[in-house]
Amino acid sequence: MASGLLETRLHSLPLVARGKVRDNYAVGADRLLMVATDRLSAFDVVRGEPIPGKGELLTCMALWWFERLAHVVPNHLSGEPPESVVAPDEVDQVRGRSMLVRRLRPLPIEAVVRGYLAGSGWQQYRTAGAVCGVALPPGLRNAQLLPRPIFTPATKAEAGAHDENITFEQAAGLIGAELAVRVREVSLALYSEAAALARERGILIADTKFEFGLDERGTLTLMDEVLTPDSSRFWPVERYAAAFERGENPPSFDKQFVRDWLEAVRIDGQPWNKRAPAPALPPAVVAATAAKYREALARLQAPAGAG
């Protein structure tokens, strides 16, 4: 198995930040080179083991979605090849795993849309009958399709910290009421179109998060990654009904596989406390996770109705 890329080292561009997955470099004052590594973050702890091929898969999938959703909202892609801004000896580090994008002023919220009741949404519903202040009908079950998709924003956490679910009113307090309404409308439109496209290819998008920024003219712009297994909960259509009847989430095409292993692992007889350092992933878990990502991309790229 290929070793994977945990970290890039570009000498021709200044490093702006290393995120959980991406290394971002400044290209002049108006652009960024975003390089998707093979790092994986679970429970907001970055793993020490790369998932080989993950960076290329995430980039390919994000570009696939940007192309198909460009009519809904502008995105941050510059249209220029990433290889054109690095030195010749750095091309191998960026080829296939990078996006050259316009610099934006990021909004300080994550725009989460849920079409199904799962994860933290299910936990909130069980205790409050609502998710991020959005009241839902009584009697819903885990993994149930919601009557309509809901917008449930969250704060953006620093590396190593946890995102916090917030209400729409709290989001409006952070970015302004008018912009919050626009973000909600665009996020729901993006999700609805993406969910229909994915379902035709055998994937249910249970939930996802979008990130937005404003350009120099104040135009709302879709940024970062979009609709990948790192930012979404993808379920196979054919496994959904049986899992729902059992009261379970269907098996995911995303890093839920790693989360489940980490939840089950024991260290000196105790569960992992979800703080660094994390227990090492066995090679079999790494390989299975990589396979999940590959299958998700293969389904998306297949003709509609093939899933």
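Residues numbered from 1 in each chain as written. Predicted model: local features only at pLDDT ≥ 70, side-chain atom pairs only at ≥ 80, totals over all residues. Heavy atoms only, no water.

**Details of the nonpolar core**
Inside soluble globular proteins, nonpolar side chains tend to come together where they are buried.
Consideration 1: With 70 residues, the main nonpolar core has Trp-65, Val-183, Leu-190, Ile-205, Phe-210 and Phe-212 as its most contacted residues.
Consideration 2: Examining the composition of this core, we find that nine residues originate from one element, helix α5 (residues 177–199), more than from any other.
Consideration 3: Among residues more than four places away in sequence, those in contact with Phe-212 are Pro-106, Leu-107, Ala-111, Val-183, Val-186, Ser-187, Leu-190, Leu-220, Thr-221, Leu-222 and Met-223.
Consideration 4: Judged by nonpolar contacts, the second largest core, of eleven residues, contains Leu-10, Leu-33, Val-85 and Leu-100. (Core = buried A, V, L, I, M, F, W, Y, C linked by side-chain atoms within 4.5 Å. Buried < 20%, exposed > 50% of the residue type's maximum accessible area, 1.4 Å probe, protein only. Helix = DSSP H or I, 4+ residues; strand = E, 2+ residues; numbered from the N terminus. Contact = heavy atoms within 4.5 Å.)

**Examining the pairing of strand β1 (residues 15–18)**
Consideration 1: Across three bridges, β1 lies against strand β2 (residues 22–27) in antiparallel orientation. Note that in β2 the partner of Leu-15 across the bridge is Tyr-25.
Consideration 2: Connecting β1 to the antiparallel partner β2 that follows it, the hairpin turn spans three residues. (Pairing = 2+ DSSP bridges.)

**Here we look at the packing of helix α4 (residues 168–175) against α5**
Consideration 1: Running from amino to carboxyl end, α4 crosses α5 at an angle of 125°, the nearest separation of the two axes being 7 Å. In terms of orientation, α4 and α5 fall into the oblique class. For the element pair α4 and α5, the recorded crossing hand is right-handed. Contacts from Phe-168, Ala-172 and Ile-175 of α4 reach α5 at Ala-177, Leu-179, Ala-180, Val-181, Val-183 and Arg-184.
Consideration 2: Grouping the constituent residues of the contact of α4 with α5 by class yields eight nonpolar, no polar and one charged. (Axes fitted to C-alpha atoms, helices over the stretch in contact; angles between N-to-C directions. Parallel < 35°, antiparallel > 145°, perpendicular 65-115°, else oblique. Left-handed = near helix turned anticlockwise from the far one by under 90°. Nonpolar A, V, L, I, M, F, W, Y, C, P; charged D, E, K, R; others polar.)

**Describing empty space enclosed by the protein**
Consideration 1: Evaluated as defined, the whole model comprises one cavity of 30 Å³ or more.
Consideration 2: One number sums up the size of the largest cavity: a volume of about 30 Å³.
Consideration 3: Around the largest cavity, the lining residues are Arg-22, Met-34, Ala-36, Leu-58, Thr-59, Ala-62, Arg-97 and Met-99.
Consideration 4: Contributing elements (two or more residues each) for the lining of the largest cavity: β3 (31–36) and α1 (54–69).
Consideration 5: Ranked by residues supplied to the lining of the largest cavity, first place goes to α1 with three residues. (1 Å grid on protein atoms, 1.4 Å probe; cavity = no way out; pocket = protein on both sides within 12 Å on 5 of 7 lines; lining within 4 Å. Points joined across faces, edges and corners; volume = space filled by probe spheres on them.)

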